[in-house]
Amino acid sequence: MPAPSLIRSSPEPLYRQLAERLQREIDTGVLAPGSKLDTESVLMARFGVSRVTVRQATAVLHKHGKVVAKRGKGTFVLGRVLQHDLDALQGFYDALRSQGIEPQTRLLEFSPDAGALDEQRPVALDLPVRLQRLYSVDERAFAVVIGYLPTEAAALGEKRAEHLTVYQILQEYLGLRVARAEVTIRCQRPPRAIGKLLGLKTSEQALVMERTSFSQDQRACEFMRIHIVPERYEFRLRVLGALELARSVHRVSLPSAPVPIPE
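Basis of the calculations
- Residue positions are counted from 1 within each chain, in the order its sequence is given.
- At least 70 in pLDDT is required for a residue's local features to be given in this predicted model, at least 80 for side-chain atom pairs to be given and counted, and no such filter applies to totals for whole chains, interfaces and linings, which use all residues.
- Here the side-chain values reflect all heavy atoms present in the structure, with hydrogen atoms and water set aside.
- When a residue's accessible area, from a 1.4 Å probe over protein chains only, is under 20% of the maximum for its type it is buried; when over 50% it is exposed; and in between it is partly exposed.
- Helix numbers and strand numbers start at the N terminus; a helix is a DSSP run of H or I with at least 4 residues, a strand a run of E with at least 2.
- Note on pairing: two strands pair once DSSP finds at least 2 bridges between them.
- Axes here refer to lines fitted to C-alpha atoms; in helices the fit is confined to the stretch in contact. Angles between the N-to-C directions go from 0 to 180 degrees.
- Angle categories: roughly parallel below 35 degrees, roughly antiparallel above 145, roughly perpendicular from 65 to 115, and oblique for all the rest.
- Residues count as neighbours in contact if any of their non-hydrogen atoms are within 4.5 Å of one another.
- Charged residues are taken to be Asp, Glu, Lys and Arg, nonpolar residues to be Ala, Val, Leu, Ile, Met, Phe, Trp, Tyr, Cys and Pro, and polar residues to be all remaining types, Gly included.
- Take the buried Ala, Val, Leu, Ile, Met, Phe, Trp, Tyr and Cys residues and link them wherever side-chain atoms come within 4.5 Å; each set so joined is a nonpolar core.
- When a carboxyl oxygen of Asp or Glu is within 4 Å of a side-chain nitrogen of Lys or Arg, the pair counts as a salt bridge.
- Note: the arc covers the axis-to-C-beta directions of the helix.
- Excluding any residue in a salt bridge, patches collect residues exceeding 30% relative accessible area, merging like charges within 9 Å and nonpolar Val, Leu, Ile, Met, Phe, Trp and Tyr side chains within 5 Å.
- In this description, accessible areas are obtained by the Shrake-Rupley approach with a 1.4 Å probe, and a residue is regarded as covered only by the protein chains that are shown.
- We treat Lys and Arg as the positive residues and Asp and Glu as the negative residues; His and chain ends play no part in the count.
- Here the site of a charge means NZ on Lys, CZ on Arg, CG on Asp, or CD on Glu.

Caption draft 1: The arrangement of the pairing of strand S8 (residues 206-215) in detail. Summarising burial for S8: ten of the ten residues are buried, a large majority. The two faces of S8 match: Ala206, Val208, Glu210, Thr212 and Phe214 on one face and Leu207, Met209, Arg211, Ser213 and Ser215 on the other face are all buried. Where strand S7 (residues 178-188) meets S8, ten bridges bridge the pair, whose relative direction is antiparallel. Bridging across to S8, cysteine 187 finds its partner in leucine 207. For S8 and strand S9 (residues 220-228), the ladder comprises eight bridges, and the chain directions are antiparallel. Bridge pairing links leucine 207 to isoleucine 228 in S9. Hairpin geometry of S8 and S9 is characterised by an intervening segment of four residues between the two adjacent antiparallel strands and by a positive phi of about 70° at glutamine 218.

In structure tokens:
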């Protein structure tokens, strides 16, 4: 028997009715983040619809960021899609809190000198202090942050670093005011250790955001690399006038060696 929520006499197509029904179950928690949708065959029997209708409905959910299809495993409910406004000078943690989201964080490393020998740090930047942090929302890991800081930050110590964001360390502890930042974003396969922390398969890619912050005297005071689970995060940018993407395209060189992460 078809579910009563699907009305065949309605002018609204069956696939949209099905998509709305499944979205309500996601929004109300009946289908929790990370849970697997019923198979196509089960949904066909449950709602009395064709395979084409089921596929059209799940395509709508995928388009709106509600589900993700994993090859060989099925279709899974996504958690909240997090957003980061690039037109505001704010830290990664603050970008989440501005949306009313309180992420869970775990400090993986705070080293006073690991950054000095780290080949992933831009050579021109004298930022030897390295910290690494894991971010989670709804108890699901979604980002690994690797930050490089000036020598003076070493005196902060691991215990205090655990409770301070990178921008808080710069501004409140070192007394440096961030005047501007340069940001690049790309998609690539993360180092194996980072992929493992994020629950990604070796073949899956992550969003990679790199940020270099400059103090008022134009000195680079911080470099950060963030690996993010792509289906859970999106960047937004507001511009005045036309945004000419083709004119902005330029060649970049990608890091060749993996970033060490404590197991």
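Caption draft 2: Looking closely at the packing of helix H2 (residues 40-47) against helix H3 (residues 51-63). As a packed pair, H2 and H3 sit with axes 9 Å apart at the nearest point and diverge in direction by 110°. Considering their axes alone, H2 and H3 lie roughly perpendicular with respect to each other. The residues of H3 that touch H2, namely those facing Glu40, Ser41, Leu43 and Met44, are Arg51, Val54 and Arg55. In terms of residue class, the contact of H2 with H3 is made up of three nonpolar, one polar and three charged.

Caption draft 3: Molecular detail of the nonpolar core. Leu149 and Leu170 are the most contacted members of the largest nonpolar core, which totals 41 residues. Mapped onto this core, the elements with two or more residues apiece are strand S4 (104-111), strand S5 (129-137), strand S6 (140-149), helix H6 (166-173), helix H7 (192-198), S8 and S9. Setting aside its immediate chain neighbours within four residues, leucine 170 contacts Leu149, Pro150, Gly175, Leu176, Val178, Cys221 and Glu222. In this structure, Leu18, Leu31, Val49 and Val54 belong to the second largest nonpolar core, which totals 16 residues.

Caption draft 4: Structural view of unusual backbone geometry. Of note in the backbone geometry, glutamine 218 takes a positive phi value of approximately 70° without being a glycine. For glutamine 218, the location among the structural elements is in the loop between S8 and S9. On the basis of relative accessible area, glutamine 218 is assigned to the partly exposed category, the value being 44%.

Caption draft 5: Fine view of the pairing of S5. Of all the nine residues making up S5, nine are buried; the element is thus mostly covered by neighbouring parts of the structure. Burial of S5 is two-sided: the residues Val129, Leu131, Arg133, Tyr135 and Val137 facing one way and the residues Arg130, Gln132, Leu134 and Ser136 facing the other way are all buried. Where S4 and S5 come together, seven bridges link them in antiparallel fashion. Paired with leucine 107 across the two strands is arginine 133, which belongs to S5.

Caption draft 6: Spotlight on the pattern of salt bridges. Scanning all chains against the criterion turns up eleven salt bridges. One salt bridge in this structure joins arginine 130 and glutamate 109, with 2.8 Å as the shortest N-O distance. Placement of the pair is arginine 130 in strand S5 and glutamate 109 in strand S4, with a sequence separation of 21 residues. Each of the two residues, arginine 130 as well as glutamate 109, counts as buried.

Caption draft 7: The sheet that holds S9, seen in detail. In spatial order, the strands read S4-S5-S6-S9-S8-S7; together these six strands make up an open sheet with antiparallel pairing. The open sheet has two free edges, formed respectively by S4 and S7, since each of these has just one partner strand. On average, adjacent strands in this sheet sit at an angle of 15° to one another, irrespective of strand direction. Along the sheet, H6 makes contact with S5, S6, S7, S8 and S9, crossing S9 at roughly 165°.

Caption draft 8: Focus on H6. Within the sequence span of H6, burial applies to Val166, Tyr167, Ile169 and Leu170. Buried residues of H6 fall within an arc of 165° about the axis and therefore sit on the same side. Residues of H6 that are buried in the fold lie against S5, S6, S7, S8 and S9. The first or second residue beyond H6 is glycine 175, which carries a positive phi of 70°.

Caption draft 9: Structural view of a positive patch on the surface. Together, Lys70, Arg71, Lys73 and Lys201 give the surface a local cluster of positive charge. Looking at the secondary structure, you find lysine 70 in strand S1 (residues 67-70). Here lysine 70 falls in the partly exposed class, since its relative accessible area comes to 30%.

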